[in-house]
Amino acid sequence: MTRSHSALSERLAEPTPLLLDGATGTELERRGAATGAPLWSAHALIERPTLVSEIHAEYLAAGAELLTANTFRTQRRTLERGGREESAATLTALATRLARQAVEASALGRQIFVLGSAPPLEDCYRPDLVPDDEALAREHAEHASNLAESGVDAILVETMNTIREANIAVRAASETALPVWVSFACDASARLLSGEKLGDALTAIAPARPDAILVNCLPLSRVGACLPILRQCRLPFGVYANLGEPIEAGRTEAAAPREFAAAAATWRDAGARILGGCCGTTPAHIAAIAAVL
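Cut-offs and rules
Each chain has its residues counted from 1, following the order in which its sequence is written. Only residues with pLDDT of 70 or above have their local features reported here, since the model is predicted, and side-chain atom pairs are shown and tallied only from 80 upward, although totals for entire chains, interfaces and linings are computed over all residues. In computing side-chain values, all of the structure's heavy atoms are included and hydrogens and water are not. Comment: elements are numbered from the N terminus, with helices defined as DSSP H or I runs of at least four residues and strands as E runs of at least two. Based on C-alpha atoms, the radius of gyration is set beside the globule rule, defined as 2.2 Å times the residue count to the power 0.38. Using a 1.4 Å probe on the protein chains alone, a residue whose accessible area is under 20% of its type maximum counts as buried, one over 50% counts as exposed, and one in between counts as partly exposed. What makes two residues a contact is simply this: any of their non-hydrogen atoms within 4.5 Å. The accessible surface values rely on the Shrake-Rupley method and a 1.4 Å probe; as for residues, cover is taken only from the protein chains in view. Residues scored as charged are limited to Lys and Arg (positive) and Asp and Glu (negative), so that His and the chain ends carry no count. By convention, charge coordinates are those of NZ in Lys, CZ in Arg, CG in Asp, or CD in Glu. Cavity means a closed set of points on a 1 Å grid over the protein atoms alone, one where a 1.4 Å probe fits but cannot get out, pocket means an open set with protein on both sides within 12 Å along at least 5 of 7 lines, and lining means a residue has an atom within 4 Å of a point. Grid points are joined across faces, edges and corners, and a volume is the space filled by probe spheres set on the points. Three classes are used, and their members are as follows: Ala, Val, Leu, Ile, Met, Phe, Trp, Tyr, Cys and Pro are nonpolar, Asp, Glu, Lys and Arg are charged, and the others, Gly among them, are polar. Strand pairing follows a simple DSSP-based rule, namely that at least 2 bridges must link the two strands. Geometry is summarised by axes, namely lines fitted to C-alpha atoms with helices restricted to the contacting stretch, and by angles between N-to-C directions that run from 0 to 180 degrees. By definition here, a salt bridge exists when the distance from a side-chain nitrogen of Lys or Arg to a carboxyl oxygen of Asp or Glu is within 4 Å. Throughout this description, the term nonpolar core refers to a set of buried Ala, Val, Leu, Ile, Met, Phe, Trp, Tyr and Cys residues connected via side-chain atoms within 4.5 Å.

Draft legend 1. Geometry of the overall build of the protein chain. Along the backbone of the protein chain there are 12 helices and 8 strands. In summary, the protein chain has a C-alpha radius of gyration of 17 Å against a globular reference of 19 Å for 293 residues, a match within 12%. For the protein chain, the C-alpha atoms occupy an extent of roughly 45 × 45 × 40 Å along the three principal directions. Counting every position in the protein chain, which comprises 293 residues, the buried fraction comes to 56%. Sequence separation of 24 or more characterises 75% of the internal contacts of the protein chain that already satisfy a separation of 6 or more. Roughly 11700 Å² of accessible area belongs to the protein chain as shown, and the carbon and sulfur atoms make up 49% of that amount. The average position of the 27 basic charges and that of the 35 acidic charges among the side chains of the protein chain differ by 4 Å.

This is the structure in structure tokens:
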């Protein structure tokens, strides 16, 4: 375990929750960057890297201790559809470098950790599209290796919508020897979008020994059902909710920064050790949580 990895574990054990950043993809979109399929947020790594750095810097200024590198769509599968299949390692490294540069430029004088995002290989909201086990193992292993080579402090396996993919992705990330956090997207009854129970998912991935468990990309109204289950897992847990699914017609559930922070305070009171925001959240939402903390 390197010094930064040990520091992350030590910080996670402290009584004050860790503050994660907010959305990157929808924030790029809000600021006029191209975010069309299939590359989505990866477009900005190619076309507007300075804007990616600016967003990271604003989250740091808002109080975030954890930055998620813009690697949500830098897997080979996605890039191949955009004609850039050989750029997976290069763009993953660039995304991590942009986050690191934002940290260095901030000169905040506090420890900041950079997480590498490892999302589902296909659509986050389409568990029916999850590839076969062989493809999952091969492609998640490649992405995890690219993240480790890029220099992230931990791998965030996020927005998982099936137990099968979560289990394979966590095991692949664990092979890097980096800390591994895993996060699930759930419905209002604390089930993954596949219909599988969150509790069953936590049991299934326990042998892989993740360092933290989270739920993300779910509206505020769905978080409450997940908290008792997360509490029972006996691992540090966290929540980074969204402002509704990122659909063209707008958010399905909006929350002003103060309202979002009030919800985050209830997650903290329930024992959450990691707090942040997902789709639709902004630096203002993260600053509001920082004020509550």
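That shown, we press on.
Draft legend 2. Representation of empty space enclosed by the protein. By the definition in use, this model includes 2 cavities of 30 Å³ or more. There is about 40 Å³ of room inside the largest cavity. At 3 residues, the largest contribution of residues to the lining of the largest cavity is made by helix H7 (residues 133-150). Per-class residue counts for the lining of the largest cavity are 6 nonpolar, 2 polar and no charged. Here the second largest cavity defines a volume of roughly 30 Å³. When residues in the lining of the second largest cavity are grouped by element, the largest group, 4 residues, is from H7. Considering only residue class, the lining of the second largest cavity consists of 1 nonpolar, 4 polar and 3 charged.

Draft legend 3. Geometry of the sheet that holds strand E6 (residues 212-216). The parallel open sheet is built from 8 strands, whose spatial order is E1-E8-E7-E6-E5-E4-E3-E2. Across the chains shown, the open sheet's two edge strands, defined by having one partner strand only, are strand E1 (18-19) and strand E2 (66-69). Two elements, strand E7 (residues 237-241) and strand E8 (residues 274-277), share 4 bridges in a ladder whose sense is parallel. Each bridged residue has a counterpart across the sheet, and for Gly-238 the counterpart in E8 is Ile-274. Against the sheet, helix H9 (residues 198-205) makes contact with strand E5 (180-184) and E6, and its axis sits at roughly 160° relative to E5, the strand it touches most.

Draft legend 4. Spotlight on the pattern of salt bridges. Inspection of every chain in the model, using the stated rule, returns 15 salt bridges. We note a salt bridge from Asp-128 to Arg-126, for which the minimum N-O separation is 2.6 Å. The partner of Asp-269 in a salt bridge is Arg-268, with the nearest N and O atoms 3.1 Å apart. The exposure class of Asp-269 is exposed, given its relative accessible area of 60%. Exposure remark for Arg-268: the relative accessible area of 29% places this residue in the partly exposed category.

Draft legend 5. Representation of the nonpolar core within the structure. Membership of the largest hydrophobic core comes to 76 residues, with the highest contact counts inside it found for Ile-155, Val-157, Phe-184, Leu-198 and Trp-267. Here this core takes 8 residues from helix H6 (residues 88-106), the largest share from any one element. Contact partners of Leu-198, with chain neighbours within four places excluded, come to Phe-184, Cys-186, Ala-190, Arg-191, Leu-192, Val-215, Cys-226, Ile-229 and Leu-230.

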